[in-house]
Amino acid sequence: MAGSNERIVKALKEVWRRAENSLCADCGKPDPDWASSTLGVFICLSCSGIHRNIPSISKVKSLKMDHWDDVQVQFLAKHGNAVTKAMYEAHIPIYYYQPTYNDCQVLREQWIRAKYERKEFTEPGKQLPYSDGVKEGILWKRGRDHGQFLPRKFLLSEREGCLKYFTKQDAKEPKINVKIDVINATFQPVKIGNPNGLQITYLKDNKTRNIFVYHESGKEVVDWFNAIRSVQFHYLKVAFPIASDNEIKNRLTRNFLKEGYMEKTGPKQREAFKKRWFTLDHRRLMYFKDPLDAFAKGEVFVGSRENGYSVQKGLPSGTQGNFSWHYGLTIVTPDREYLFTCETEADQLDWVAAFTSVINQAMTPQEYASKCLDAVSFLS
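Residues numbered from 1 in each chain as written. Predicted model: local features only at pLDDT ≥ 70, side-chain atom pairs only at ≥ 80, totals over all residues. Heavy atoms only, no water.

Asker: Mind showing me how you'd approach the packing of aromatic side chains here?
Answerer: In this description, an aromatic ring pair is defined by two values, namely the gap between the centres and the angle between the planes. Applying the stated criterion to the full structure yields 19 aromatic pairs. Taking 5.9 Å as the distance between ring centres and 40° as the angle between the ring planes, the aromatic pair formed by Trp 111 and Phe 121 counts as tilted. With a gap of 10 residues between them, Trp 111 in helix H5 (residues 105-117) and Phe 121 in the loop between H5 and strand S4 (134-142) connect regions that are remote in the sequence. The burial state of Trp 111 is the same as that of Phe 121; both residues are buried. (Phe/Tyr/Trp six-rings, centres within 6.5 Å; stacked < 30°, edge-to-face > 60°. Helix = DSSP H or I, 4+ residues; strand = E, 2+ residues; numbered from the N terminus. Buried < 20%, exposed > 50% of the residue type's maximum accessible area, 1.4 Å probe, protein only.)

Next comes the structure, spelled out in structure tokens:
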């Protein structure tokens, strides 16, 4: 009996060590130590919790702590991540967002359910709820002034190339009508205070406008997210006919590089530092009095190193403004220096790394055109 167990454990380790099984099949996290005995995939602890919630589809076991029998190990050996992914991920639309282990729970859960439970990607040309080019429905939207979430009708149209929302179900005219190419969408469950919270941003008069929404159904809000990506993809295919699918895919919705609180001072650098919420959206650095503000109080363009931009730890000697946080950083631009302080050294290092990643990238022609944002006032 002991010899049989040793043989099974050895066979399990051999399958586990295959290169194809070195990353979680669902989120890509390295060194997964769980597996589904019914699907044949190797997954991480976090994804195993999602699998456990769909027991009719997937039964998960620890590769380190649980007992595996011979039949189960043979099943893993016959399948594994490569074979199973080839089956369940055979026809993923190019625009569909495939989450990683850094993404929020609702994105990862709906990705896993879409693959294994709903089998959305197993057949070519399958009609999907986010691929029609039009989507209409109710989302709970946060009011700009009163802060309450109220149900609002939203309409997304590929034919019109826009997203609209209406304050009343029977309203003839939309409250907003936004071109699809200036929209970004990113999940913000912590900021919004709802596990299905989605932040939709768009440019209005060259300033960023935020809309915060959620839906009770995780599937529905992720369908909205992918519907936006679908409409954007097809719109950009027409606008940039020679661009490759991957080039266009990289221009769809994006996560912010970093968000969080810092203190800032004004342009004279003698004013008291004030605590503000900052969002770094690639080359746009925006700040808000409150994380859920509809409009930024100021924006600044962050260019590239070859164009005279840099980031430095610390504040210039002789800085006069009063500040309560002592981990400073300075953004140097061709026109002026921007001074900030962080609460902890870890925050300071994270912000410096985020700014450095942007500054070290060469600017595109489109980003040169956006450089006018440097003229936007950065006042308290």
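The rest of the description comes next.
Asker: Whenever I open this one, the packing of helix H2 (residues 45-52) against H5 confuses me. Can you help?
Answerer: One can describe the packing of H2 onto H5 by two numbers: an axis separation of 10 Å at closest approach and a directional angle of 55°. Put simply, H2 runs oblique to H5. The two elements H2 and H5 cross, and the hand of that crossing is right-handed. Across from Ser 46, Cys 47, Ile 50 and His 51 in H2, the residues of H5 making contact are Gln 105, Arg 108, Glu 109, Ile 112 and Tyr 116. Taken together, the residues that form the contact of H2 with H5 break down as four nonpolar, three polar and two charged. (Axes fitted to C-alpha atoms, helices over the stretch in contact; angles between N-to-C directions. Parallel < 35°, antiparallel > 145°, perpendicular 65-115°, else oblique. Left-handed = near helix turned anticlockwise from the far one by under 90°. Contact = heavy atoms within 4.5 Å. Nonpolar A, V, L, I, M, F, W, Y, C, P; charged D, E, K, R; others polar.)

Asker: Can you walk me through the packing of H5 against helix H7 (residues 218-239) in this structure?
Answerer: To describe two helices that pack against each other, one gives the angle between their axes and the distance between the axes. Packing of H5 against H7 leaves a shortest axis separation of 10 Å and a crossing angle of 90°. Between H5 and H7, the angle falls in the class roughly perpendicular. Between H5 and H7, the residues in contact are Val 106, Leu 107 and Gln 110 and Gly 218, Lys 219, Val 221, Val 222 and Phe 225, respectively. Split into classes, the residues belonging to the contact of H5 with H7 amount to five nonpolar, two polar and one charged.

Asker: Would you mind showing me how to read the UniProt feature "domain: PH" (unreviewed entry) in the chain here?
Answerer: Sites flagged by UniProt as "domain: PH" (unreviewed entry) map to residues 132-233 and 255-360. Regarding residues 132-233, the helix share stands at 20% and the strand share at 46%, and the terminal C-alpha atoms are separated by 13 Å. Helix makes up 14% of residues 255-360 and strand makes up 38%, while its end C-alpha atoms are separated by 19 Å. (UniProt positions renumbered as here; feature names shortened; annotations may be inferred.)

Asker: Even after reading the chapter, I still don't get the domain arrangement of the chain, so can you show me in this structure?
Answerer: Split into domains, the chain comes out as domain 1 (1-117), domain 2 (134-250) and domain 3 (258-377). The C-alpha centroid of domain 3 is placed 27 Å from the C-alpha centroid of domain 2. Summing both partners gives a buried area of about 1,300 Å² for domain 2 against domain 3, and 51% of it is carried by carbon and sulfur. Summed over the three residues of domain 2 that lose the most area to domain 3, namely Lys 191, Asn 206 and Thr 208, the buried surface amounts to 41% of that side. Inspection of the region where domain 2 meets domain 3 yields one salt bridge. Between Lys 191 and Glu 259 there is a salt bridge; the shortest N-O distance is 2.7 Å. The interface formed by domain 2 and domain 3 contains six residue pairs in polar contact (both at pLDDT 80 or more). Of all the elements in the fold, those that place two or more residues in the side of domain 2 that touches domain 3 are helix H6 (189-192) and strand S10 (207-214). Among the elements that line the side of domain 2 that touches domain 3, the one with the most residues is S10, at five residues. Of the residues belonging to the side of domain 2 that touches domain 3, the class tally is three nonpolar, five polar and five charged. (Domains from an automatic or database assignment. Buried area = accessible area lost by both parts, 1.4 Å probe. Salt bridge = Lys/Arg side-chain N within 4 Å of Asp/Glu carboxyl O. Polar contact = N/O pair within 3.5 Å; in protein donor to acceptor, adjacent residues only side chain to side chain.)

Asker: What is the right way to look at the UniProt feature "domain: Arf-GAP" (unreviewed entry) in the chain in this model?
Answerer: Taking the numbering used here, the UniProt-annotated feature "domain: Arf-GAP" (unreviewed entry) corresponds to residues 6-129. End C-alpha to end C-alpha, residues 6-129 measures 48 Å, and it is 40% helix and 6% strand.

Asker: Can you walk me through the sheet that holds strand S3 (residues 60-62) in this structure?
Answerer: In any sheet, the strands associate via hydrogen bonds between backbone groups, in a parallel or an antiparallel arrangement. Reading across from one edge, S2-S1-S3 is the order of the three strands in this open sheet, with antiparallel pairing throughout. Whereas interior strands pair on both sides, the edge strands pair on one side only; in this sheet they are strand S2 (42-43) and S3. Two strands pair when backbone bridges link them, and strand S1 (residues 34-36) and S2 are joined in this way by two bridges, in the antiparallel orientation. Bridge pairing links Trp 34 to Ile 43 in S2. (Pairing = 2+ DSSP bridges.)

Asker: Any chance you could explain the sheet that holds strand S5 (residues 149-157) here in plain terms?
Answerer: The sheet built from seven strands is open, its strands ordered S7-S6-S5-S4-S10-S9-S8 with antiparallel pairing. Each end of this open sheet is capped by a strand with a single partner; those strands are strand S7 (176-179) and strand S8 (183-187). Going from strand to strand, the sheet's axes swing by 35° on average, the running direction of each strand aside.

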